[in-house]
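As a plain string of letters, each chain reads:
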Amino acid sequence: MAPVVRVRSVVLDCPDPHALAGFYAAVLGGTPEAEEGDDWVVLEVPGGPRLSFQEVADLTPPEWPRGDRNAQQFHLDLDAGATWEELDAVHERVVALGARPLDLEDREKKDFQVYADPAGHPFCLCRIERP
C-alpha cells in the first residue's frame, strides 16, 4: 500500500528552541537553522529525521515515568552502539552536554537507559546489538 503522506519533522516544544536545537546538534550532528523567526529552529539530522524546536514559554516537562498525568507523550530512541562500553562513553558525552539521567537501572533486563534533555523531554540511549 502506498503511503498517504511522509513525515516532515518531529517537533519538540521547549522554552528555548535555539538552546535545545544546539543540544541535539551536538548529540546527533547537523546545524540548527532558524525558520519563521526566533521561535522555530530546524535541525536536519544527518541520516535521520528532521527535528524542529518550537518555543513554548510555559512548557511543563513530562514527569517520567508517570503515565497517569503529564505523560511523556513521545520520546526519541537513539542508537548508542552495540556494547555497554560504547553506551557508557555516549552517556558521559550527553551528560556533559546537559542531559539528565532518569533511569540507568536493570542493564541485565533491558538494553536502554533513559535521560531527559535540557528541556525535560525523555530520550533513550539504546544498545543495539548487530550481527
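Up top you'll find the structure we're talking about.
Residues numbered from 1 in each chain as written. Predicted model: local features only at pLDDT ≥ 70, side-chain atom pairs only at ≥ 80, totals over all residues. Heavy atoms only, no water.

Visitor: Just checking my understanding: could you explain the nonpolar core for this structure?
Guide: Nonpolar side chains tend to gather and get buried jointly when the protein is soluble and globular. Counting residues in hydrophobic clusters, the biggest one holds 23 residues, and the most contacted among them are Leu20, Tyr24, Leu51, Phe53, Phe123 and Leu125. Going through the elements one at a time, β1 (10-14), α1 (17-28), β3 (40-44), β4 (50-55), β5 (76-79), α2 (84-97) and β8 (122-126) are the ones with two or more residues in this core. Leaving out residues up to four positions away in the same chain, Tyr24 has contacts with Leu12, Gly29, Leu43, Leu51, Phe53, Leu76, Asp117 and Phe123. (Core = buried A, V, L, I, M, F, W, Y, C linked by side-chain atoms within 4.5 Å. Buried < 20%, exposed > 50% of the residue type's maximum accessible area, 1.4 Å probe, protein only. Helix = DSSP H or I, 4+ residues; strand = E, 2+ residues; numbered from the N terminus. Contact = heavy atoms within 4.5 Å.)

Visitor: Help me out: how do you make sense of the side chain of Asp117 in this one?
Guide: Structurally, Asp117 is set in the loop between β7 (112-116) and β8. Within the buried core, Asp117 has no salt-bridge partner, and the shortest N-O distance to an opposite charge, that of Arg100, equals 7.6 Å. A distance of 2.8 Å separates a polar side-chain atom of Asp117 from the backbone nitrogen of Ala119. (Lys, Arg positive; Asp, Glu negative; His and termini not counted. Salt bridge = Lys/Arg side-chain N within 4 Å of Asp/Glu carboxyl O. Polar contact = N/O pair within 3.5 Å; in protein donor to acceptor, adjacent residues only side chain to side chain.)

Visitor: Looking at this structure, I do not really get unusual backbone geometry. What am I missing?
Guide: Only a minority of non-glycine residues have a phi that is not negative, and only a minority of peptide bonds are not trans. Although it is not a glycine, Asp106 sits at a positive phi angle of roughly 60°. If you trace the backbone, Asp106 turns up in the loop between β6 (100-103) and β7.

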